[in-house]
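As a plain string of letters, each chain reads:
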4 protein chains.
Amino acid sequence: MKGFAMKKIGEIGWVEKEVPQLGSKDALVRPTAISPCTSDVHTVWAGAIGDRKDMILGHEAVGIVEAVGSEVRDFAPGDRVVVPAITPDWNSLEAQAGYSMHSGGMLAGWKFSNFKDGVFAEYFHVNDADGNMAHLPDTIDDATAVMLCDMVPTGFHGVELADVQFGDKVLVIGIGPVGLMSVAAAALRGASEIYAVGSRPNCIEIAKEYGATHIINYRNGSIEDQVMALTNGKGVDRVVIAGGDVDTMITAIKVVKPGGKIGNVNYLGEGDYVKVPRSEWGCGMAHKQIAGGLMPGGRLRMEKLMSLIETKRIDPSKLITHRFEGFEHVEDALLLMKDKPKDLIKPVVFIK
Amino acid sequence: MKGFAMKKIGEIGWVEKEVPQLGSKDALVRPTAISPCTSDVHTVWAGAIGDRKDMILGHEAVGIVEAVGSEVRDFAPGDRVVVPAITPDWNSLEAQAGYSMHSGGMLAGWKFSNFKDGVFAEYFHVNDADGNMAHLPDTIDDATAVMLCDMVPTGFHGVELADVQFGDKVLVIGIGPVGLMSVAAAALRGASEIYAVGSRPNCIEIAKEYGATHIINYRNGSIEDQVMALTNGKGVDRVVIAGGDVDTMITAIKVVKPGGKIGNVNYLGEGDYVKVPRSEWGCGMAHKQIAGGLMPGGRLRMEKLMSLIETKRIDPSKLITHRFEGFEHVEDALLLMKDKPKDLIKPVVFIK
Amino acid sequence: MKGFAMKKIGEIGWVEKEVPQLGSKDALVRPTAISPCTSDVHTVWAGAIGDRKDMILGHEAVGIVEAVGSEVRDFAPGDRVVVPAITPDWNSLEAQAGYSMHSGGMLAGWKFSNFKDGVFAEYFHVNDADGNMAHLPDTIDDATAVMLCDMVPTGFHGVELADVQFGDKVLVIGIGPVGLMSVAAAALRGASEIYAVGSRPNCIEIAKEYGATHIINYRNGSIEDQVMALTNGKGVDRVVIAGGDVDTMITAIKVVKPGGKIGNVNYLGEGDYVKVPRSEWGCGMAHKQIAGGLMPGGRLRMEKLMSLIETKRIDPSKLITHRFEGFEHVEDALLLMKDKPKDLIKPVVFIK
Amino acid sequence: MKGFAMKKIGEIGWVEKEVPQLGSKDALVRPTAISPCTSDVHTVWAGAIGDRKDMILGHEAVGIVEAVGSEVRDFAPGDRVVVPAITPDWNSLEAQAGYSMHSGGMLAGWKFSNFKDGVFAEYFHVNDADGNMAHLPDTIDDATAVMLCDMVPTGFHGVELADVQFGDKVLVIGIGPVGLMSVAAAALRGASEIYAVGSRPNCIEIAKEYGATHIINYRNGSIEDQVMALTNGKGVDRVVIAGGDVDTMITAIKVVKPGGKIGNVNYLGEGDYVKVPRSEWGCGMAHKQIAGGLMPGGRLRMEKLMSLIETKRIDPSKLITHRFEGFEHVEDALLLMKDKPKDLIKPVVFIK
């Protein structure tokens with residue numbers, strides 16, 4: 001079968017591979033829509049997860065089940081499914097501990113284009129199929145559904161980590177596709193004022209549609225100053241970090257109230273240390289809680305988030321700015337993510 | 001001063017009383033809008049809290065500060081304020097334990113028209129004024145604001161007790177004014193499908209506007225059967241009980257999934273026992289958690305909920321079906337609550 | 001193979017059956033120590049789970065792995081293991097939701113002597129072996145280890161459900177083997193005063209050794225009166241129910257403070273309704289939370305609890321009052337549980 | 001009255017001041033036992049909270065009530081009381097939010113020898129007396145009780161922040177008096193293996209008595225290496241930081257498992273940034289939660305912890321290595337804390 005791969009650090013291209021073998025609980029899926037992610041770009045051009053040879057890229061896909069293992073109960077060939085970016089080993093101690101995304105080791109629930117080939121292929125392999133795929137209803141189109149693989153659950157998890165409560169003032173740093181979903185999730189979780197940090201016009205527009213009440217553009221001064229001005233010097237209750245770098249935590253700590261919480265869902269690819277400013281962290285005494293984590297994967301999560309689309313609580317299709325018809329365009333879509341033109345949020349590639 | 005009182009069980013009327021004395025941390029407020037509550041009706045005609053003599057009724061009011069005690073820091077005469085129905089003693093062990101509504105004893109944070117005169121008076125007394133009043137911004141009118149005293153926080157607390165999470169299916173039993181706010185809160189907390197139980201047309205209409213996806217009318221069969229049909233026999237993740245009686249818990253237990261949670265904010269005025277069906281409660285083993293509690297009062301709660309109105313996340317003004325101009329109409333408004341005409345949700349009386 | 005079975009309701013005896021077949025993730029275990037449980041008695045003589053024909057009894061066993069399926073990674077024949085009474089299907093939506101004990105349906109994580117043959121056999125079958133067995137270290141003997149299957153995790157879960165915090169006053173109702181482990185768990189979780197309800201001398205003695213500070217004997221008056229006398233009329237912070245019947249909840253509600261929590265781990269075999277007294281439940285408003293649930297099973301739980309034995313935080317061997325050598329004595333042990341002589345807590349049968 | 005004060009940064013001595021005035025809810029206490037704290041040393045010689053002039057030092061005291069304000073209900077002159085180091089303003093928004101220690105601003109619940117004179121005086125002032133003092137029973141002596149002011153609650157809070165669960169492996173970094181109480185608290189909360197980091201013989205001995213199962217001495221290699229060796233490379237479930245500096249977090253992050261939690265109660269006096277190693281923090285994705293906070297103060301907390309002494313769950317008197325008779329020795333005791341002789345844990349000064 002054909003796949004679009006990282007050939008080595010810095011190089012991409014098509015490869016020809018065997019169709020994956022199935023264990024008794026696995027499934028084989030033929031993708032019908034895929035979307036490249038910033039982490040594909042980091043994987044290839046920044047070497048974020050180390051070198052890989054001819055590894056098929058991609059971890060966001062919806063598709064049609066092609067085959068299932070002998071012990072798969074709930075899925076059959078022909079079923080239309082969404083597969084999350086994170087596909088844990090559910091029969092692991094980490095899953096029993098409530099951290100399935102780290103099954104088999106830190107971050108090891110992330111298998112696609114990391115520990116095995118990804119979804120930019122004619123077919124891809126899903127482990128623990130009954131636990132890691134979800135049936136897609138007719139009411140949700142492929143483009144919307146593919147946002148469920150990573151953008152929606154990652155954005156939403158930031159809000160869960162920050163533990164937003166009714167009436168909280170929430171700062172969302174970064175309004176790329178993940179941050180935009182964090183804005184939507186904060187509004188859906190009961191935040192009142194939502195301050196979204198960003199500067200690109202179409203992202204700002206969607207942030208507002210998703211519930212941001214104020215936009216903070218770093219061109220107008222430091223984020224700290226703007227947040228403090230907006231909150232009469234009191235700061236915010238919660239911060240979701242969905243962009244920036246290892247120094248972004250400095251801002252988050254400075255603007256969050258004592259007793260406040262910070263949720264990070266930004267993948268930090270560079271730098272030795274995430275810096276927590278000692279003094280503003282109350283010399284270790286301020287109860288400014290810091291959490292950061294990979295999105296929970298699995299079927300239940302997909303079903304829960306999907307039901308929010310069906311009931312029109314969220315509309316992730318607004319993230320999609322570019323659409324390609326034909327598998328051959330996966331390279332164009334990936335390069336688009338690399339080049340980040342101003343009007344880009346997320347591209348989707350449809351496969352017949 | 002004049003007040004509208006319960007003269008004894010079953011009898012209401014006007015009384016003349018001294019203006020309340022202020023302690024060092026107290027405030028005196030002149031109401032500008034008040035609203036009678038079903039519990040005023042229970043207090044007078046069902047004797048729900050026992051006999052009282054010439055006790056001024058009412059616990060929902062917004063108004064203007066008339067005077068403050070010597071140690072009040074944040075309020076001054078002339079300030080426009082909302083006062084929650086529950087005004088805890090914040091310097092109590094119960095408040096330190098996180099249950100301020102029970103400061104001084106079970107439910108004893110509820111003081112108005114219970115342990116002291118209520119708000120249907122020319123002036124009323126607020127204990128711990130800095131902690132139990134909140135400044136009202138110009139952007140919120142009196143009618144909307146008076147819904148913050150009890151309807152909004154009680155309805156919202158039901159959803160907090162039921163611990164609604166993203167994508168949960170939620171059953172709200174009862175769509176009077178409190179239940180309607182529970183519907184709004186469930187939607188605002190991230191529920192997907194919301195099943196609202198009720199039959200009155202205007203309540204149904206508002207329930208839908210607030211986010212109910214399905215209406216369950218008991219005239220169409222048992223609630224259990226309808227919920228099970230809607231959920232393919234699986235039941236709901238969460239139940240909020242905002243109406244019914246001691247037998248309503250039977251329904252809630254039957255329709256909630258193992259691992260599900262039930263939040264009760266319905267004041268149960270009659271009956272010896274709330275009944276939990278043994279078998280459907282998994283013989284004590286089903287992890288169907290039952291919580292029930294009085295709304296949290298206090299200033300912070302008012303400020304947080306108020307911010308949801310300011311940012312247009314909720315609009316409790318939809319609850320108001322009847323408006324009266326003039327203090328003298330408090331009796332009409334109360335009798336309306338007693339008689340419950342079909343089109344009634346909440347009346348408000350404006351006082352010049 | 002030979003097994004000791006429930007032949008039908010009210011009748012027990014030996015049966016001859018095929019050795020269980022293994023799926024790819026399963027294991028076959030040869031028990032070396034087993035213990036009958038009160039629920040075996042309920043199953044046979046009260047028909048608690050309905051009729052069964054020739055079903056092998058028992059769900060508490062340690063043993064030696066005899067064989068493993070092709071995909072089992074962490075266990076091999078000859079390994080010494082403990083197997084919890086609850087063996088969930090980890091690749092289920094319920095496990096993903098955090099309620100693995102209800103995988104496949106309410107209570108359906110309980111498979112032994114319920115949905116399949118139990119452990120009173122020459123060999124027994126374990127599903128999801130990597131997730132449902134735990135290696136036993138040499139430092140823990142068989143008799144102590146067999147208490148880990150049900151008595152320890154169930155008793156401990158009561159304390160988790162009641163959410164005991166540092167310095168809490170805790171009432172434990174029932175000091176059979178499960179209740180005794182709840183006493184130990186309450187002490188180990190930071191309770192200060194622990195009131196243990198019981199009357200049998202050896203149970204009282206062990207309750208004190210496990211950390212009970214006061215014994216409440218119902219022969220000395222009602223539990224309510226005694227608790228209220230001991231707490232100056234204030235009641236307790238937490239209640240663990242590990243004995244009694246559907247009316248025991250009445251006592252629990254009466255003695256727990258507003259804001260308090262009740263954890264039930266008593267299997268309620270009879271009665272239509274668990275009764276929550278309306279008035280003492282604050283008319284639905286007292287924040288007296290009620291939780292009840294089946295013990296969490298699985299390997300991680302076994303490992304965590306085992307580590308408490310290894311570090312001498314708990315010593316469940318004190319529960320064992322009767323020891324039998326030889327599989328043929330399983331009937332004696334079971335009848336002992338049925339007859340409940342005064343000096344019985346738990347019997348263990350050792351198998352060569 | 002006489003007090004022992006910080007005259008300016010780097011200088012201590014006796015001062016003569018007016019006896020404090022009482023507001024309506026305040027109390028005046030005459031100390032009978034006091035204890036200097038490392039933070040007194042930091043305050044004077046490191047200028048940790050900035051310059052102060054003639055500020056009376058000390059925040060750990062038990063004593064006798066001398067006078068109470070007109071609205072104090074539960075205390076009277078002659079009552080024997082313990083007063084926590086943190087005495088919040090309970091009628092504040094921060095207390096309503098559950099973070100009373102930050103009432104009035106970050107860390108501002110810490111008033112003694114910070115925003116007002118401390119307890120090293122003939123008399124000291126207590127705000128919100130009903131909420132900030134606790135009656136001392138005869139069964140607890142002064143020396144033990146004075147450990148309740150800061151050492152016990154701070155040590156215990158570390159374990160609460162780290163959220164220790166049954167069977168967790170816990171690393172406690174630092175076994176000065178606070179860290180030793182964290183060891184005791186971890187054992188009391190259900191930890192199995194407790195690794196205590198320290199090198200002083202008497203601290204090591206007490207750590208073992210309090211429940212440490214392993215001692216990690218940094219002279220034997222890095223903490224990371226030792227923890228990893230003890231845990232077969234898996235790391236610990238929880239870390240309590242009760243000593244070290246801004247770089248200690250690096251160690252904590254490295255040794256805690258994904259999904260693990262870190263609780264800091266070490267006052268970080270120097271350094272620009274607390275450093276979180278990016279890679280071991282899973283690039284922001286590891287669910288290694290970081291919390292740090294000032295001890296909760298107030299009466300309820302004192303009562304809860306006191307009950308643990310009364311029921312012999314903890315014995316903080318083991319911390320006391322030096323005893324002085326007579327107020328005049330407060331200087332000796334403070335200098336002892338400054339010089340930290342090898343055998344010192346905590347000194348107590350008794351005042352007749």
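Computed from a predicted structure; not experimentally measured.

Quick word on the overall build of chain A
Part 1 of the argument: Looking only at helices and strands, chain A has eleven helices and 17 strands in total.
Part 2 of the argument: What you see for chain A is a C-alpha radius of gyration of 20 Å, in line with the 20 Å of a compact globule of 352 residues.
Part 3 of the argument: With the principal axes as the frame, chain A shows a C-alpha extent of 60 × 40 × 40 Å.
Part 4 of the argument: Across the 352 residues that make up chain A, the buried fraction comes to 67%.
Part 5 of the argument: Residue pairs in contact within chain A that sit at least 24 positions apart in sequence constitute 71% of those at least 6 positions apart.
Part 6 of the argument: Per element, the accessible surface of chain A, about 11,500 Å² overall, is 48% carbon and sulfur.
Part 7 of the argument: Of note, chain A has its 37 positive side-chain charges centred 6 Å away from the centre of its 45 negative side-chain charges.

Regarding the interface of chain A and chain C
Part 1 of the argument: The partner chain C presents 17 residues to the 17 residues of chain A that form the contact.
Part 2 of the argument: Between chain A and chain C, roughly 1,600 Å² of surface is buried when both sides are summed, and carbon and sulfur atoms account for 49% of that area.
Part 3 of the argument: Our enumeration of links across chain A and chain C arrives at two salt bridges.
Part 4 of the argument: A salt bridge links D89(C) to R73(A), with the shortest nitrogen-to-oxygen separation between them at 2.9 Å.
Part 5 of the argument: Among the elements that take part in the side of chain A that touches chain C, helix 10 (residues 299-310) of chain A stands out by supplying three residues, more than any other.
Part 6 of the argument: Grouping the constituent residues of the side of chain A that touches chain C by class yields four nonpolar, five polar and eight charged.

Digging into the state of the cysteines
All names here are of chain B.
Part 1 of the argument: One pass over the full model with this rule turns up zero disulfides over all chains.
Part 2 of the argument: C149 takes part in no disulfide bond, and the closest cysteine sulfur, belonging to C37, lies 10 Å away.
Part 3 of the argument: Exposure remark for C149: the relative accessible area of 0% places this residue in the buried category.
Part 4 of the argument: Distance from the sulfur of C203, which forms no disulfide, to the nearest cysteine sulfur (C37) is 15 Å.
Part 5 of the argument: With a relative accessible area of 2%, C203 lands in the buried category.

A few points about the relation of the copies chain A and chain D
Part 1 of the argument: Under the fitted operation, chain A is carried onto chain D by 0.0 Å of movement along the axis and a turn of 180°, and the coordinates agree to an RMSD of 0.0 Å. The superposition operator between the copies reduces to a two-fold rotation axis.
Part 2 of the argument: A share of 100% of interface residues in chain A that are also interface residues in chain D marks the association as one of identical surfaces.

Digging into the relation of the copies chain A and chain C
The operation relating the pair of chain copies consists of a rotation about an axis and a translation along that axis.
Part 1 of the argument: In screw terms, the move from chain A to chain C is a rotation of 180° and a rise of 0.0 Å along the axis, fitting with an RMSD of 0.0 Å.
Part 2 of the argument: The share of interface residues of chain A whose copies in chain C are also at the interface is 100%, consistent with both copies meeting through the same surface.

Here's the deal with the interface of chain A and chain D
Part 1 of the argument: Contacts between chain A and chain D engage 43 residues on the former and 43 residues on the latter.
Part 2 of the argument: Both faces combined, the contact of chain A with chain D buries some 3,500 Å², and carbon together with sulfur accounts for 67% of it.
Part 3 of the argument: Looking at the side of chain A facing chain D, the largest losses of area belong to R278(A), M285(A) and H287(A), adding up to 22% of the total buried there.
Part 4 of the argument: Joining chain A to chain D, the criterion identifies zero salt bridges.
Part 5 of the argument: Inspection of the region where chain A meets chain D yields 29 residue pairs in polar contact (both at pLDDT 80 or more).
Part 6 of the argument: Those elements giving two or more residues to the side of chain A that touches chain D turn out to be helix 5 (151-162), helix 9 (248-255), strand 13 (256-264), strand 14 (273-277) and strand 15 (289-292) of chain A.
Part 7 of the argument: The residue makeup of the side of chain A that touches chain D, split by class, is 23 nonpolar, 14 polar and six charged.

Here we look at the sheet that holds strand 2 (residues 11-16) of chain A
Pairing between the strands of a sheet is mediated by backbone hydrogen bonds and can be parallel or antiparallel.
Residues and elements named next belong to chain A.
Part 1 of the argument: The sheet built from three strands is open, its strands ordered 2-1-4 with antiparallel pairing. With one partner strand each, in any of the chains shown, strand 2 and strand 4 (55-56) form the two edges of the open sheet.
Part 2 of the argument: Relative to strand 2, strand 1 (residues 2-8) runs antiparallel, the two sharing six bridges. Within strand 2, the position partnered with F4 by the bridge is W14.
Part 3 of the argument: Helix-sheet contacts for helix 1 (residues 38-46) involve strand 1, strand 2 and strand 4, and the interaxial angle to strand 2 is about 100°.
Part 4 of the argument: Lying over the sheet, helix 11 (residues 330-339) contacts strand 1 and strand 2, oriented at roughly 155° with respect to strand 2.

Examining the sheet that holds strand 4 (residues 55-56) of chain D
Residues and elements named next belong to chain D.
Part 1 of the argument: An order of 2-1-4 is seen for the three strands of this open sheet, with the pairing classed as antiparallel. A strand with exactly one partner marks an edge of an open sheet, and here the two such strands are strand 2 (11-16) and strand 4.
Part 2 of the argument: Sheet strands touched by helix 1 (residues 38-46): strand 1 (2-8), strand 2 and strand 4. Its angle to strand 2, the strand with the most contacts, is close to 100°.
Part 3 of the argument: Against the sheet, helix 11 (residues 330-339) makes contact with strand 1 and strand 2, and its axis sits at roughly 155° relative to strand 2, the strand it touches most.

Describing the confidence of the model for chain A
Part 1 of the argument: The share of residues in chain A with pLDDT of 70 or more is 100%, and the mean pLDDT across the chain is 97.
Part 2 of the argument: Scored as a whole, the predicted complex attains pTM 0.97, and scored at its interfaces, ipTM 0.97.

Observations regarding the packing of aromatic side chains
Part 1 of the argument: Applying the stated criterion across every chain, the model contains 16 aromatic pairs over all chains.
Part 2 of the argument: Measuring from centroid to centroid gives 5.0 Å for W14(C) and F327(C), while their planes differ by 85°, and the two rings are edge-to-face. Taken as a pair, W14(C) in strand 2 (residues 11-16) and F327(C) in the loop between strand 16 (320-325) and helix 11 (330-339) lie far apart in primary sequence, 313 residues in all.
Part 3 of the argument: Under the relative-accessibility criterion, W14(C) is labelled partly exposed at 28%.
Part 4 of the argument: The exposure class assigned to F327(C) is buried, which follows from its relative accessible area of 11%.
Part 5 of the argument: The structure contains a cluster of three or more aromatic residues connected by ring pairs, namely F4(A), W14(A) and F327(A).
Part 6 of the argument: Positioned above the aromatic ring of W14(D), the side-chain terminus of K2(D) is 4.8 Å from the ring centre.
Part 7 of the argument: In this structure, R189(D) is placed above the aromatic ring of F166(C), and the distance from its NZ or CZ to the ring centre is 5.4 Å.

Concerning unusual backbone geometry
Residue and element names in this part refer to chain B.
Part 1 of the argument: Of note in the backbone geometry, N232 takes a positive phi value of approximately 50° without being a glycine.
Part 2 of the argument: By the secondary structure assignment, N232 is in the loop between helix 8 (223-230) and strand 12 (236-241).
Part 3 of the argument: When its relative accessible area of 70% is taken as the criterion, N232 is described as exposed.

Description of the pattern of salt bridges
Part 1 of the argument: All told, the structure shown has 79 salt bridges over all chains when counted by the stated rule.
Part 2 of the argument: Its salt-bridge partner being K346(A), residue E60(A) comes within 3.0 Å of it at the nearest N-O pair. Here E60(A) is found in the loop between strand 4 and strand 5 (61-68), whereas its partner K346(A) is found in strand 17 (residues 346-350), with 286 residues between them in sequence. For the pair E60(A) and K346(A), a shared accessibility class is recorded, and that class is buried.
Part 3 of the argument: Here K254(B) makes a salt bridge to E224(B), at a shortest N to O gap of 3.7 Å. Taken together, the positions of K254(B) in helix 9 (residues 248-255) and E224(B) in helix 8 put the pair 30 residues apart, joining distant regions of the chain.
Part 4 of the argument: For K254(B), a relative accessible area of 31% corresponds to the partly exposed category.
Part 5 of the argument: A network of salt bridges, in which partner residues are shared, links D168(A), D237(A), R238(A), K257(A) and K304(B).

What to know about the packing of helix 8 of chain B against helix 9 of chain B
All names here are of chain B.
Part 1 of the argument: The contact between helix 8 and helix 9 brings their axes to 10 Å, and the two run at 20°. As far as their axial angle goes, helix 9 and helix 8 are roughly parallel. Regarding helix 8 and helix 9, the two cross each other, and that crossing is right-handed. Between helix 8, through I223, E224, V227 and M228, and helix 9, the contact on the second element is made entirely by T251, K254 and V255.
Part 2 of the argument: Taken together, the residues of the contact of helix 8 with helix 9 break down into four nonpolar, one polar and two charged.

Definitions and limits used
Residues numbered from 1 in each chain as written. Chains lettered and ligands numbered in written order. Predicted model: local features only at pLDDT ≥ 70, side-chain atom pairs only at ≥ 80, totals over all residues. Heavy atoms only, no water. Helix = DSSP H or I, 4+ residues; strand = E, 2+ residues; numbered from the N terminus. Rg over C-alpha atoms; globule rule 2.2 N^0.38 Å. Buried < 20%, exposed > 50% of the residue type's maximum accessible area, 1.4 Å probe, protein only. Contact = heavy atoms within 4.5 Å. Areas by Shrake-Rupley, 256 points an atom, 1.4 Å probe, with all protein chains shown as cover. Lys, Arg positive; Asp, Glu negative; His and termini not counted. Charge placed at Lys NZ, Arg CZ, Asp CG, Glu CD. Buried area = accessible area lost by both parts, 1.4 Å probe. Salt bridge = Lys/Arg side-chain N within 4 Å of Asp/Glu carboxyl O. Nonpolar A, V, L, I, M, F, W, Y, C, P; charged D, E, K, R; others polar. Disulfide = S-S within 2.5 Å. Least-squares fit on C-alpha atoms with pLDDT ≥ 70 in both. Polar contact = N/O pair within 3.5 Å; in protein donor to acceptor, adjacent residues only side chain to side chain. Pairing = 2+ DSSP bridges. Axes fitted to C-alpha atoms, helices over the stretch in contact; angles between N-to-C directions. pLDDT = per-residue confidence, 0-100. Phe/Tyr/Trp six-rings, centres within 6.5 Å; stacked < 30°, edge-to-face > 60°. Lys NZ or Arg CZ within 6 Å of the ring centre and 35° of its normal. Parallel < 35°, antiparallel > 145°, perpendicular 65-115°, else oblique. Left-handed = near helix turned anticlockwise from the far one by under 90°.

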